[in-house]
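Residue-level listing of the chains:
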Amino acid sequence: MSERVFSDRVAAGRALGERVAEVLRARPDTRTARPVVIGLARGGVPVAREVADAVDGDLDALVVRKIGAPGHAEFAMGALTAGHLVVNDDMPRRLGVSSAQFDAVADRERRILHDREALYRQGRPPVEVEDRVVVLVDDGLATGSTMAVAIDALDAAGASRLIVAVPTAPSDSVGRLIDRGVDEVVVLTMPEPFEAVGLSYEDFSQVDDDEVIACLDRDHRP
């Protein structure tokens, strides 16, 4: 069983922020420019808040929705952001899901995604990432499908350098991110065998919308 390393997401974010700060200081191209730190909503945002504080970065949230199979939501057929979609290989075909069924689930998740982004940003535009160093943060990786669509979205948005930072992940998922073209992956612990993200935390309770909003609002208080 995986060892519980972090008391909660805030503690994980502080430890991760220290490591990310070291990575940024070590590279001439990332020492001076203010980075953008983006947390995957909802669980990745409290972690990203601490990372952003550690590296003096601009914080934003990215909503990614998994596309679950009809009647079996635990089987992820893919994932999407506001402008990008990733399908998990031939998962829809293997589950017997038609194109029309897939599109219907994707459309429903897209509506939820837009509502959540509007709620979190409170009328603020997304943080500009073009030609900037972006640190993409989640509270952990399992299969990495959610992170994959986030990577595609930020790459398309013109990030000059993309660093994925997570407190915990399996080694095979880290390898897939590197193959996808990420410039650097920062991981604090890679348990073997890897069973679940939550097993690295003492407190892995669900993050609610109010907590996400509070994390983002800290950059906009007078």
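Up top is the structure.
Note that this is a predicted model, so its numbers are computed, not measured.

> Would you mind showing me how to read the packing of helix α4 (residues 99-121) against helix α7 (residues 209-217) here?
How two helices pack is summed up by the angle between their axes together with the distance between the axes. At their nearest, the axes of α4 and α7 sit 8 Å apart, and the two run at 45° to each other. It follows that α4 is oblique to α7 by the angle criterion. In contact with Arg 116, Leu 119 and Tyr 120 of α4, α7 contributes Asp 209, Val 212, Ile 213 and Leu 216. When its residues are assigned to classes, the contact of α4 with α7 shows five nonpolar, no polar and two charged.

> Looking at this structure, how should I read the sheet that holds strand β8 (residues 184-189)?
In any sheet, the strands associate via hydrogen bonds between backbone groups, in a parallel or an antiparallel arrangement. A sheet is described by the order of its strands in space; here five strands give the open sequence β2-β1-β6-β7-β8, paired in parallel fashion. Here the strands that pair on one side only, and so sit at the sheet edges, are β2 (58-63) and β8. Mean inter-strand twist for the sheet, computed between neighbouring axes without regard to direction, equals 25°. Strands β1 (36-41), β2, β6 (133-137) and β7 (161-168) of the sheet are contacted by helix α2 (residues 44-55), whose axis makes an angle of about 170° with β1.

> Explain the pattern of salt bridges here, please?
Side chains bearing opposite charge may pair, as long as their charged atoms lie close to each other. Tallying each qualifying case throughout the model produces 20 salt bridges. Across the pair Asp 183 and Arg 161 runs a salt bridge, and its minimum N-O distance is 3.8 Å. Highlighted residues: Asp 183 in the loop between α6 (171-179) and β8 and Arg 161 in strand β7, separated in sequence by 22 residues. The class of Arg 161 is buried, set by a relative accessible area of 11%. Salt bridges sharing common partners tie together Arg 34, Asp 56, Asp 58 and Arg 132.

> Looking at this model, I keep getting lost on unusual backbone geometry. Mind explaining?
Excluding glycine, residues mostly have negative phi values, and the peptide bonds linking residues are mostly trans. Omega for the bond connecting Ala 41 with Arg 42 falls within 30 degrees of zero, at 5°, which places this linkage in the cis form. Along the polypeptide, Arg 42 turns up in the loop between β1 and α2. Going from Glu 192 to Pro 193, the amide bond is cis rather than trans, its omega being -5°. Note on placement: Pro 193 falls in the loop between β8 and α7. If you check the backbone angles, Asp 56 has positive phi at about 55° while not being a glycine. Here Asp 56 shows up in the loop between α2 and β2.

> Hey, could you run me through the sheet that holds strand β4 (residues 72-80) in this one?
Pairing within the open sheet is antiparallel, and its three strands lie in the order β3-β4-β5. The strands lining the two open edges of the sheet, one partner per strand, are β3 (65-69) and β5 (85-87). Within this sheet the neighbouring strands show an average axis-to-axis angle of 50°, counted without direction. Here β3 pairs with β4 via five bridges, running antiparallel. When the sheet's bridge partners are listed, Ala 69 is paired in β4 with His 72. Each of β3, β4 and β5 is contacted by α4, which is oriented at about 150° to β3, the strand it contacts most.

> Help me out: how do you make sense of the packing of aromatic side chains in this one?
For any pair of aromatic rings, the description consists of the separation of the ring centres together with the inter-plane angle of the planes. Throughout the structure, instances matching the rule amount to two aromatic pairs. Plain terms: the ring middles of Phe 6 and Tyr 201 are 5.5 Å apart, the flat faces sit at 50° to each other, and that makes the pair tilted. Note that Phe 6 is positioned in the segment before α1 (9-26) and Tyr 201 in the loop between β8 and α7, a separation of 195 residues in sequence. Per residue, the accessibility class of Phe 6 equals that of Tyr 201, and both read buried. One aromatic cluster is present, built from ring pairs that chain together Phe 6, Tyr 201 and Phe 204.

Cut-off values and rules
- Along each chain, residues carry numbers from 1 onward, in the same order as the chain's sequence is written.
- Confidence filtering applies because this is a predicted model: local features only for residues at pLDDT of at least 70, side-chain atom pairs given and counted only at 80 or more, and all residues used for totals across whole chains, interfaces and linings.
- Side-chain measures were taken over the full set of non-hydrogen atoms in the model, leaving aside hydrogen atoms and water.
- In this description, a line fitted to the C-alpha atoms serves as the axis of each element, helices being fitted only across the stretch in contact, and the angle between N-to-C directions of two axes falls anywhere from 0 to 180 degrees.
- Helix and strand assignments come from DSSP, with helices taken as H or I runs of at least 4 residues and strands as E runs of at least 2, each series counted from the N terminus.
- An angle below 35 degrees is treated as roughly parallel, one above 145 as roughly antiparallel, one from 65 to 115 as roughly perpendicular, and anything else as oblique.
- By the convention used here, residues are in contact when the closest approach between their heavy atoms is within 4.5 Å.
- Residues were grouped as follows: Ala, Val, Leu, Ile, Met, Phe, Trp, Tyr, Cys and Pro as nonpolar; Asp, Glu, Lys and Arg as charged; and all remaining residues, including Gly, as polar.
- DSSP calls a pair of strands paired once it identifies at least 2 bridges connecting them.
- The salt bridge criterion pairs a side-chain nitrogen of Lys or Arg with a carboxyl oxygen of Asp or Glu, the two atoms within 4 Å.
- Exposed residues in this analysis have more than 50% of their type's maximum accessible area, buried residues have under 20%, and partly exposed residues fall in between, with area computed by a 1.4 Å probe over protein chains only.
- Any Phe, Tyr or Trp ring, taking Trp's six-membered ring, that has another such ring centre within 6.5 Å forms a pair; planes under 30 degrees apart are called stacked, those over 60 apart edge-to-face, and the others tilted.

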